[in-house]
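Take a look at the letters that make up each chain.
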Amino acid sequence: MNIRRRNRLWLICSILVGVGLTLALILYALRSSIDLFYTPGEIIYGKRETQQIPEVGQRLRVGGMVMPGSVVRDDSNPNSLKITFTIYDAEGEVDVSYDGILPDLFKEGQGVVVQGELQENNHVLAKEVLAKHDENYTPPEVEKAMQENHRRPAAAYKDNAS
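Below you will find a few notes about this structure.

Parameters at a glance
Residues numbered from 1 in each chain as written. Predicted model: local features only at pLDDT ≥ 70, side-chain atom pairs only at ≥ 80, totals over all residues. Heavy atoms only, no water. Helix = DSSP H or I, 4+ residues; strand = E, 2+ residues; numbered from the N terminus. Contact = heavy atoms within 4.5 Å. Areas by Shrake-Rupley, 256 points an atom, 1.4 Å probe, with all protein chains shown as cover. Buried < 20%, exposed > 50% of the residue type's maximum accessible area, 1.4 Å probe, protein only. Pairing = 2+ DSSP bridges. Phe/Tyr/Trp six-rings, centres within 6.5 Å; stacked < 30°, edge-to-face > 60°. Core = buried A, V, L, I, M, F, W, Y, C linked by side-chain atoms within 4.5 Å.

1. A few points about the overall build of the protein chain
Looking only at helices and strands, the protein chain has four helices and seven strands in total. If you list the helices and strands of the protein chain from N to C, you get α-β-α-β-β-β-β-β-β-α-α. Residue pairs at least 24 apart in sequence account for 59% of intrachain contacts in the protein chain once pairs closer than 6 positions are excluded. Carbon and sulfur atoms provide 55% of the accessible area of the protein chain, an area that totals close to 11000 Å².

2. A short note on the side chain of Ser 97
The residue Ser 97 is located in strand E5 (residues 92-99) in this model. Look at Ser 97 and you get buried, because its relative accessible area is 15%. Setting aside chain neighbours within four positions, we find Ser 97 in contact with Ile 83, Thr 84, His 123, Val 124, Leu 125 and Ala 126.

3. Thoughts on the pairing of strand E2 (residues 59-66)
Summarising the sheet, strand E1 (residues 36-38) and E2 pair through three bridges and their orientation is parallel. If you follow Phe 37 over to E2, its bridge partner there is Arg 61. Pairing geometry for E2 and strand E6 (residues 111-119), over seven bridges, is antiparallel. Within the sheet, the bridge partner assigned to Val 62 lies in E6 and is Val 114. Pairing between E2 and strand E4 (residues 82-89): two bridges, direction antiparallel. Within E4, the residue paired with Met 65 across the bridge is Tyr 88.

4. A closer look at the packing of aromatic side chains
Counted by the stated rule, this structure contains one aromatic pair. Plain terms: the ring middles of Phe 85 and Phe 106 are 5.0 Å apart, the flat faces sit at 65° to each other, and that makes the pair edge-to-face. In this pair, Phe 85 is assigned in strand E4 and Phe 106 in the loop between E5 and E6, connecting sequence segments 21 residues apart. No difference in accessibility class separates Phe 85 from Phe 106, as the two residues are buried.

5. Details of the nonpolar core
Formed by 20 residues in total, the largest nonpolar core has its most connected members in Phe 85, Ile 87, Phe 106, Val 114, Val 124 and Val 129. Broken down by secondary-structure element, the contributors of at least two residues to this core are E2, E4, E5, E6 and strand E7 (123-131). Per-element accounting of this core gives the leading share, four residues, to E7. Filtering out sequence-adjacent residues up to four positions away, Phe 106 remains in contact with Val 66, Val 71, Phe 85, Val 112, Val 129 and Ala 131.

6. Here we look at the environment of Phe 85
Phe 85 gets classed as buried once you look at its relative accessible area, which sits at 1%. Sequence separation between Phe 85 and Ser 97 is twelve residues; the distance between their C-alpha atoms is 6.5 Å. Here Phe 85 is in contact with Val 66, Ser 70, Val 71, Val 94, Asp 95, Val 96, Phe 106, Val 114 and Val 129, once residues within four sequence places are set aside.

The structure is reproduced here in C-alpha cells:
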C-alpha cells in the first residue's frame, strides 16, 4: 500500500474515532440531565407506548392532582418545611415528600407537577413542586395526560389506599 494512502486511511480512521467518542460523551452528559414526564399510573404500570417503568433513583417529573386529605406537614419541628402528600390520576397514586417552600397556588385537589427522584415503593423525593398556574395555559404533555387519566374523582382512591 502506498504511504500516502496509508496516511489518509489513518487520518480518516482517527477522525471517525474522534467523532464517535465526542458523540458518546455528549449523549452520556445529556442522559444525566434528562427528566422524563410520568403520571402516577405510568410510574406504577409503565408508559402505554413502551411499557417502560421508571427505575429507583431515576430523575423524573410527575404530574397529577393533589389528593384531598393527603397533605401532612412535619409537626415535630415548628421550623421545618417538610411536607408529604399524594398525587393521583385515574390509574394510581404516588406519595411525594418535599422539603421547601410550596408555591402559593398549591392546594388539595389542585394539579401539580413535581420534579425529583424516584425512591422505593413509588415514593418521589421532590426537589421542586410546581402548582398549576391560574391562567389557561397548560403544557401540552401535562394537559394530554390529565385528560386521559383523570376520569374518576379523588374520592374513588380514598377507599383503595395502597
